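Listed here are the chains, written in short residue letters.
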Amino acid sequence: QLVESGGGLVQAGGSLRLSCAASGSMSSISTMGWYRQAPGKQRDVVAVISRDGNTAYADSVKGRFTISRDNAENTVLLQMNSLQSDDTGIYYCKVDTWDWGKKYVYWGQGTQVTVST
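The sections below set out a description of the structure shown in this document. For clarity, every value in this text was computed on a predicted model and none was experimentally measured.

1. Side note on the state of the cysteines
Every disulfide links exactly two cysteines, by a covalent bond between their sulfur atoms.
At step 1: A full pass over the atoms with the stated rule returns 1 disulfide.
At step 2: Residue pairing for Cys20: its cysteine sulfur links by disulfide to Cys93, the two sulfurs lying 2.2 Å apart. Residues Cys20 and Cys93 share a disulfide whose torsion about the S-S bond is about -75°; that sign makes it left-handed. One end of the pair, Cys20, is in strand β3 (residues 16–22); the other, Cys93, is in strand β9 (residues 89–99), with 73 residues separating them in the sequence.
At step 3: The buried category is assigned to Cys93, whose relative accessible area is 0%.

Below, the structure written as structure tokens:
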């Protein structure tokens, strides 16, 4: 129910934009975010955004990445600038929804980002 796009291969210092679209059947979407899993490491948060636009970033990406969302389109974007080799990994979109007082969590299939030096 989450479709990601925008990954790829980029040289260090370059930019990429990731996009994640949630299906229209999802209701009451609250927090949306991006997570990253580097080779051999656990999946960690990169950036999250609340429904009203409050954002939080991992220290390693502050000032370089920008997360945004379109509530009408149920999409979340991650603009990544000044990419570094440490940014390499699989990026996953995560969406939290609420239905009848219960929280549901959805993950995208992941999109590969590779930064070459």
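2. Remarks on the packing of aromatic side chains
At step 1: This model, assessed by the stated rule, comprises 2 aromatic pairs.
At step 2: Seen from their ring centres, Tyr35 and Trp107 are 5.0 Å apart, and the 70° between their planes marks the pair as edge-to-face. Pair noted here: Tyr35 is in strand β4 (residues 29–37) and Trp107 is in strand β10 (residues 102–107), with a separation of 72 residues, a long-range link.
At step 3: Since its relative accessible area comes to 37%, Trp107 is described here as partly exposed.
At step 4: Here the aromatic rings of Tyr92 and Trp107 are separated by 6.5 Å at their centres, their planes lie at 85°, and the arrangement is edge-to-face. In this pair, Tyr92 sits in strand β9 while Trp107 sits in strand β10, placing the two residues 15 residues apart along the sequence.
At step 5: Through successive ring pairs, a cluster of aromatic residues spans Tyr35, Tyr92 and Trp107.
At step 6: Taking the ring centre of Tyr92 as reference, the NZ or CZ of Arg43 above it sits at 3.6 Å.
At step 7: The ring centre of Trp107 lies 4.6 Å from the NZ or CZ of Arg43, which sits over that ring.

The rules we used
- Residues numbered from 1 in each chain as written.
- Predicted model: local features only at pLDDT ≥ 70, side-chain atom pairs only at ≥ 80, totals over all residues.
- Heavy atoms only, no water.
- Disulfide = S-S within 2.5 Å.
- Helix = DSSP H or I, 4+ residues; strand = E, 2+ residues; numbered from the N terminus.
- Buried < 20%, exposed > 50% of the residue type's maximum accessible area, 1.4 Å probe, protein only.
- Phe/Tyr/Trp six-rings, centres within 6.5 Å; stacked < 30°, edge-to-face > 60°.
- Lys NZ or Arg CZ within 6 Å of the ring centre and 35° of its normal.

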